[in-house]
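# Tertiary structure, described
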Amino acid sequence: MKIICNKSDLLSGVSIVLKAIPSRTTMTILECILIDASAGEIKFTGNDMELGIETIVKGEIRDRGKVAIDAKIFSDIIRKLPDNEVTIETDSNYVAKITCEKANFTIAGKSGEDFAYLPYVEKDKFIELSKFSLKEVIRQTIFSIADSESSNRIMTGELFEIKNNNLRVVSLDGHRISIRNIELKDSYEDIKVIVPGKALNEISKILSGEADEMVSIFFTDNNILFEFDRTKVVSRLIDGEFFKIDQMLSKDYETKVVINKKEFLDCIDRSMLLVKEGDKKPIIVNITDGSLEIKINSPIGSMNEDIDITKEGKDIMIGFNGRFLMDALKVIDDEQISMYLMNPKAPCFIRDDKNEYIYLILPVNFNNY
C-alpha cells in the first residue's frame, strides 16, 4: 500500500476514529486504526466492538492495500509532522514507512484482514435531522445519564423515541430526568431504542453543528448508524425496556415561578462556592410573593440572595442539589424559565409552554443538614 495525504486531512481523520479506540483492551488489534486503501478511497476505521467509526480521508492512492497501525503511535507521529504532504507506505510484512519532508518513521503494523469491520446496518428504518438539532439535543440531555459504573445499564443510555414527525430524547440517572422534543421535517414509522451515552458523547464531539446539513440515522434491532459528511458511526444499542416516563410527568402544581434564567443560574453558582466537591449539601429555595430566596449554610460559611420573580400559587420552601439545577439551566436557551412545584417532597419541573424541553429534578430533604 502507498498513499499520499495532506497532514491536515490525516489529522482530521485520525481525530475522528480515535474516539472509537478503547483505552484498555486485551485484543491488541482493537488498539489499531485500520487504513484501508483497497477499494479506490482511503478509509480510516476504529472499532472497540461497542462503538465503531469509519471516515473517508482525502488523498492519492499509489498502491492499493490495507494495514492496521497502533492508533496512539500513529496519531502522535502525524500530529508532530511538518505541515506538508505525508506518504504512508507498507511492505509485505505490514511494516509502515511514514515520510514527510525530511522526517522518516518506520513502525510495525498488522494485517488489515485481522481487523474487526463495522457491522452491516440495514437502512430500512431511519430518520433525518440537522447536525445542529442532533448536537443540541445531545447537549441538552446527556448530562443527566448515569455514569458507566451504574448498576442499571439502561440509565447509561438515552431513549430515542420517534412517533410520526416527533423525536423525543430522554435521559435520567435516578435523581433527575431530561427530555427534549424535536419536530422532524417528515413523518416516520414508530421507533423506540436506547442509545449508549458514550456513542452520543463522541458523535457530539465530531458534529460540526451546521443547521442546513443533515444527519441520517438508521435503526436495527441491535445497532444504530449515524451517517454525516464522509463519516459513519455505528453503536450497539442497549437491550431492555426504558422507564415509563409519562407516568412521572405530572401536570399538577401548587406553585408556578417565572424567573430570569441567567440571574437564577448566577445566584446558584455563587452559592455553590460554599459547597466542597462531592459534598451533597443542598441549597434551600424559599419562594414567596415576588421573591425567590436562595440560602445555604455550610461548614465553609453561609449565603443568601433574593431574586425577583413572578409567582402563582402557594409559598414553598424546598431543597435541591445545586449542581443538578445548574446543569439544567445551563442548557436552556430561553431568557425566562418557568418552574412548577407541588410540595417540598415532590419533583420540580422546568418546562416551556410547547414542552420542547422538560427537566424534572427531585428535591433534597434539607432538614437533615
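Summary of the structure given here. On a predicted model such as this, the values are computed, not experimentally measured, just so you know.

The rules behind each value
- Residues numbered from 1 in each chain as written.
- Predicted model: local features only at pLDDT ≥ 70, side-chain atom pairs only at ≥ 80, totals over all residues.
- Heavy atoms only, no water.
- Buried < 20%, exposed > 50% of the residue type's maximum accessible area, 1.4 Å probe, protein only.
- Helix = DSSP H or I, 4+ residues; strand = E, 2+ residues; numbered from the N terminus.
- Pairing = 2+ DSSP bridges.
- Polar contact = N/O pair within 3.5 Å; in protein donor to acceptor, adjacent residues only side chain to side chain.
- Contact = heavy atoms within 4.5 Å.
- Axes fitted to C-alpha atoms, helices over the stretch in contact; angles between N-to-C directions.
- Left-handed = near helix turned anticlockwise from the far one by under 90°.
- Nonpolar A, V, L, I, M, F, W, Y, C, P; charged D, E, K, R; others polar.

### Let's talk about the pairing of strand β25 (residues 357-361)
Buried residues dominate β25, accounting for five of its five residues. With burial as the criterion, each face of β25 is covered, one bearing Tyr357, Tyr359 and Ile361 and the other bearing Ile358 and Leu360. Of the strand pairs in this sheet, strand β24 (residues 348-351) and β25 are connected by four bridges, and their pairing is antiparallel. Residue pairing across strands places Ile350 opposite Tyr359, the latter belonging to β25. In this structure, the hairpin formed by β24 and β25 is closed by a connection of five residues, where Asn355 is found at a positive phi of approximately 60°.

### Here's the deal with the side chain of Asn181
Within the secondary structure, Asn181 sits in strand β13 (residues 176-196). The exposure class of Asn181 is buried, given its relative accessible area of 17%. At 3.3 Å, the side chain of Asn181 forms a polar contact with the side chain of Asn166. If we skip the residues at most four places from it in the chain, Asn181 touches Asn166, Leu167, Arg168, Asn355 and Glu356.

### Considerations on the side chain of Ser216
When you line up the elements, Ser216 lands in strand β14 (residues 214-219). What makes Ser216 buried here is its relative accessible area of 14%. Here Glu128 takes part through its side chain, which lies 3.1 Å from a polar atom of the side chain of Ser216. Apart from residues no more than four positions distant in its own chain, Ser216 is found in contact with Ile127, Glu128, Leu225, Phe226 and Glu227.

### Remarks on the packing of helix α1 (residues 7-17) against helix α2 (residues 71-80)
Between α1 and α2, the shortest axis-to-axis distance is 9 Å and the interhelical angle comes to 150°. With respect to the hand of their crossing, α1 and α2 are arranged in left-handed fashion. Here Lys7, Leu10, Leu11 and Val14 of α1 come into contact with α2, specifically with Phe74, Ser75, Ile78 and Arg79. Considered class by class, the residues forming the contact of α1 with α2 number five nonpolar, one polar and two charged.

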